[in-house]
Every structure is written in structure tokens, then in C-alpha cells.
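Remarks on the overall topology
Chain by chain, the residues:
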Amino acid sequence: MRPLDESETTQVFEKLFKFTGNNLKNIVDNPSHEGPEPDPGRYCFRMQKNRVYYVSESLVKRATNVKRDNLVSLGTQIGKFTKGGKFHLTIQCLNLLAANAKHKVWLKPTSEMSFLYGNHVLKGGLGRITENIVPQDGVVVFSMADVPLGFGIAAKSTQDCRKMDPNGIVVLHQADIGEYLRTEDDL
């Protein structure tokens, strides 16, 4: 497990900033409450086998006793780097994104299952939407009971959503909690 280099850190922060905006500061400055030390420190980002983890510094110190080949996972996986060098967020970071989301979308109960099967969010299934969403912004998708279901990219602005037909795509699907069942071998 190693720290991220400068280009990797830039890619991770740019992707997180797309979803959290200025709330990224809350993720970076989040104090850790894990570990036996009275002052365990903060959370940091570490990389293991092209996967990026969000883990407390005290846990990283204790993990140095484990051989790198034997270490499978540590902390919360937030994403992975592809073979082409691009960074993709994974569904495991949903709780982190949901707590710090800048833009949110709430789905009607009738369209929740469609989203959980990997489909895009349509205007007809939209319950509520936050203001000032611009196309290509990161959006966290919630149920009407405020349960985070996944995240995606806004296809239309908030104003455009009000005028479009019910079958128009509002949010492009990126990840949802149904992936825990669909791709459990790859997670």
C-alpha cells in the first residue's frame, strides 16, 4: 500500500470534486476516530493494486506489519485506475459521496428498481432535484426516503429537466447499490 503520486492525487480529487464541490474539504480534513491511539490522526488516500482506498492514518501504520502481497484491502475503496490510467469511482464510495454531495436527485419509488438494474434516470421517475445542476455535474441518486442508491452524471440542467418529456434521460447511470449483487466477484 503506497501513497498516491501527484498525478493520481489530481485525478482522484478532480473526480471527487465533481460530486462534492467545496465539500471535498470535509473529506480531506475529516478527523479519524479509529485506532487505540488517543490522537489517531486523519484519513488519507492509499493505493493497492490500482485501487484507491480512503483509510485512517492509524490503520495505515498498523498495516505496515502485513506483507504487500498478503494485503487484500484496507479502509474504504473509493475507486480504481484503469489500465489506460483513468480514474473511476466505484460503488463503495457511495456513503462518502452521499454525506458530502453537492447535487442530489430523488427517485420516485416506481423508478428505483429500474435504476438499481443499471438503467439511466428518466424524467418520469424523478421525484425531486436540487437547483443549479449543470450538464456533466456529478449527481448522487437517493430514494424518496433519503437512502443513497447510486450516482451518475447529469445529462440535463435543472431548468431543462422541467421542460423535457417524461422519457428523456436526466441522469446518466455510473454506479448503483445493485452492483453488489451483479458484480460481486469483481468487487
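Residues numbered from 1 in each chain as written. Predicted model: local features only at pLDDT ≥ 70, side-chain atom pairs only at ≥ 80, totals over all residues. Heavy atoms only, no water.

Our next topic: the confidence of the model for the chain. The predicted model of the chain has a mean per-residue pLDDT of 90, with 97% of residues at 70 or higher. Least confident of the elements in the chain is helix α7 (residues 179-182), whose mean pLDDT is 81; most confident is strand β10 (residues 148-154), at 96. (pLDDT = per-residue confidence, 0-100. Helix = DSSP H or I, 4+ residues; strand = E, 2+ residues; numbered from the N terminus.)

A few words now on the domain arrangement of the chain. Its domain assignment divides the chain into domain 1 (2-96) and domain 2 (103-183). Between the C-alpha centres of domain 1 and domain 2 the distance comes to 26 Å. Across the contact, nine residues belong to domain 1 and 18 residues belong to domain 2. Carbon and sulfur atoms make up 72% of the area that domain 1 and domain 2 hide from each other, which totals about 950 Å². On the domain 1 side of the contact with domain 2, F19, I91 and L94 bury the most area, a combined 67% of that side's loss. The tally of links from domain 1 across to domain 2 stands at zero salt bridges. Between the two partners, domain 1 and domain 2, sit one residue pair in polar contact (both at pLDDT 80 or more). Taken together, the residues of the side of domain 1 that touches domain 2 break down into five nonpolar, three polar and one charged. (Domains from an automatic or database assignment. Contact = heavy atoms within 4.5 Å. Buried area = accessible area lost by both parts, 1.4 Å probe. Salt bridge = Lys/Arg side-chain N within 4 Å of Asp/Glu carboxyl O. Polar contact = N/O pair within 3.5 Å; in protein donor to acceptor, adjacent residues only side chain to side chain. Nonpolar A, V, L, I, M, F, W, Y, C, P; charged D, E, K, R; others polar.)

Turning our attention to the sheet that holds strand β5 (residues 87-89). The five strands lie next to each other as β1-β2-β3-β4-β5, forming an open sheet whose pairing is antiparallel. Each end of this open sheet is capped by a strand with a single partner; those strands are β1 (2-3) and β5. As judged from the two bridges shared by β1 and strand β2 (residues 43-48), these two strands associate in the antiparallel manner. Within β2, the residue paired with R2 across the bridge is M47. Strands in contact with helix α1 (residues 6-20) are β1, β2, β3 (51-56), β4 (76-81) and β5; relative to β5, the strand with the most contacts, it is inclined by about 35 degrees. (Pairing = 2+ DSSP bridges. Axes fitted to C-alpha atoms, helices over the stretch in contact; angles between N-to-C directions.)

With that settled, consider the pairing of β3. Of all six residues making up β3, five are buried, and the element is well covered by its neighbours. Relative to β3, β2 runs antiparallel, the two sharing six bridges. Within β3, the residue paired with Y43 across the bridge is S56. Remark: two residues form the turn of the hairpin made by β2 and β3, two consecutive strands paired antiparallel; K49 in that turn has positive phi of roughly 55 degrees. As paired strands, β3 and β4 are joined by four bridges and run antiparallel to one another. By the bridge assignment, Y54 is partnered in β4 with T76. (Buried < 20%, exposed > 50% of the residue type's maximum accessible area, 1.4 Å probe, protein only.)

The next point concerns the side chain of T158. The residue T158 is located in helix α6 (residues 158-163) in this model. Overall, the relative accessible area of 1% leaves T158 in the buried class. For T158, the residues in contact, after removing those within four places along its chain, are I129, T130, E131, N132 and I133.

Another point: the sheet that holds strand β9 (residues 138-143). The strand order β7-β11-β10-β9-β6-β8 describes an open sheet built from six strands, whose pairing is mixed. With one partner strand each, in any of the chains shown, β7 (121-122) and β8 (126-129) form the two edges of the open sheet. The pairing of β9 with β10 spans five bridges and is classified as antiparallel. Looking across to β10, one finds that V140 is bridged to F151. Contacts from α1 reach β9, β10 and β11 (169-176), with the element oriented near 105 degrees to β10. Running at roughly 75 degrees to β10, helix α5 (residues 109-116) makes contact with β6 (104-107), β7, β9, β10 and β11 of the sheet.

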